[in-house]
Amino acid sequence: MHEKQKHLYVGVDLHKQHHVAVIINCWQEKLGEIKFVNKPAAFSMFLLDNDKLMEEGLTPVFGLEDVGGYGRALAKYLADHGQIVKEVNPALSYAERKSHMTTQKSDSWDAECVARILLNKLNHLPDAKPHDLFWSIQQLVTRRNALVKAQGALKNQLHIQLSHHYPSYKKFFSEVDGKTALAFWKQYPSPLSLDGVSVKKLTTFLLEASNNTCSVKKANEILKLMKEDGHTAKRTSRNT
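Definitions and cut-offs
Residues numbered from 1 in each chain as written. Predicted model: local features only at pLDDT ≥ 70, side-chain atom pairs only at ≥ 80, totals over all residues. Heavy atoms only, no water. Helix = DSSP H or I, 4+ residues; strand = E, 2+ residues; numbered from the N terminus. Buried < 20%, exposed > 50% of the residue type's maximum accessible area, 1.4 Å probe, protein only. Pairing = 2+ DSSP bridges. Axes fitted to C-alpha atoms, helices over the stretch in contact; angles between N-to-C directions. Contact = heavy atoms within 4.5 Å.

Right, let's talk about unusual backbone geometry for a bit. Phi is positive for asparagine 211, close to 55 degrees, though the residue is something other than glycine. The topology assignment puts asparagine 211 in the loop between α7 (199–209) and α8 (216–229). In this structure, asparagine 212 takes a positive phi of about 70 degrees despite not being glycine. In this fold, asparagine 212 is placed in the loop between α7 and α8. When its relative accessible area of 63% is taken as the criterion, asparagine 212 is described as exposed.

This is the structure in structure tokens:
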């Protein structure tokens, strides 16, 4: 018996909420399909349902694309329970779908394409080995990138709003989003809020906000720049 005849091939199409598995034999005949929820509590039932389709003497081989994402928990569960789990490159299953004259698009067909790749390239596919450490690092990097992107977006919004009220705002502080600058924008969001504020009062505020780094020179500079910018407040006019 050829090595490939000793297995049944289970391709799994992975999703955030649920997975779809399709089982084929070595002649690419579809034997069954299983849909199950993407949570560890459902994985044991998935294995039981899968066993019902197994023929005596044959062992299942599971193929998953995204073992570091949506398929991580399933891949780890299967590996921990002694199953053969292979990682299938998404480019291979995509090419398999494209190779057919009638292009289908469904979870079932996607899972079957994964199973076909599993069968055809069994000896060349790497074992799926999800590592918790690598996964944790990946999550941290993804989170950091999201925070950096969000911070950049907020900074751009701040620039836009400040340009409406303080045309020379970039000359006020060396860093527009520094500690002292943010304290100033919060306390004095527009030139109107600085009306009647003396140099002494502004100096006192800046000294406290900057831990005594800023001085009366900075207060005078800000008031001078604001005066040179002119009146930036918007007024509503009514037609009489």
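One open sheet holds the five strands; their spatial order is β3-β2-β1-β4-β5, and the pairing between them is mixed. In this open sheet, the two edge strands, each paired with only one partner strand, are β3 (30–37) and β5 (84–87). The sheet shows a mean angle of 25 degrees between the axes of neighbouring strands, direction not considered. Pairing of strand β1 (residues 7–14) with strand β4 (residues 59–64), which is carried by six bridges, proceeds in the parallel orientation. Across the sheet, tyrosine 9 pairs through a bridge with valine 61, a residue of β4. Of the strands in this sheet, β1, β2 (18–24), β3 and β4 touch helix α1 (residues 40–52), which is tilted by about 170 degrees from β3.

Bringing helix α2 (residues 72–80) into the picture now. Those residues of α2 that fall on the buried side of the exposure criterion are Arg72, Leu74, Ala75, Tyr77 and Leu78. Glycine 82 occupies a position one or two residues after α2 and carries a positive phi of about 75 degrees.

Moving on: the pairing of β2. Counting buried positions along β2 gives six out of seven residues, so the element sits mostly inside the fold. Where β1 and β2 come together, six bridges link them in antiparallel fashion. Across the sheet, residue aspartate 13 finds its bridge partner in β2, namely valine 20. In sequence, β1 turns back onto β2 through a hairpin of three residues. As defined by bridge partners, β2 adjoins β3 across seven bridges and the pair is classed as antiparallel.

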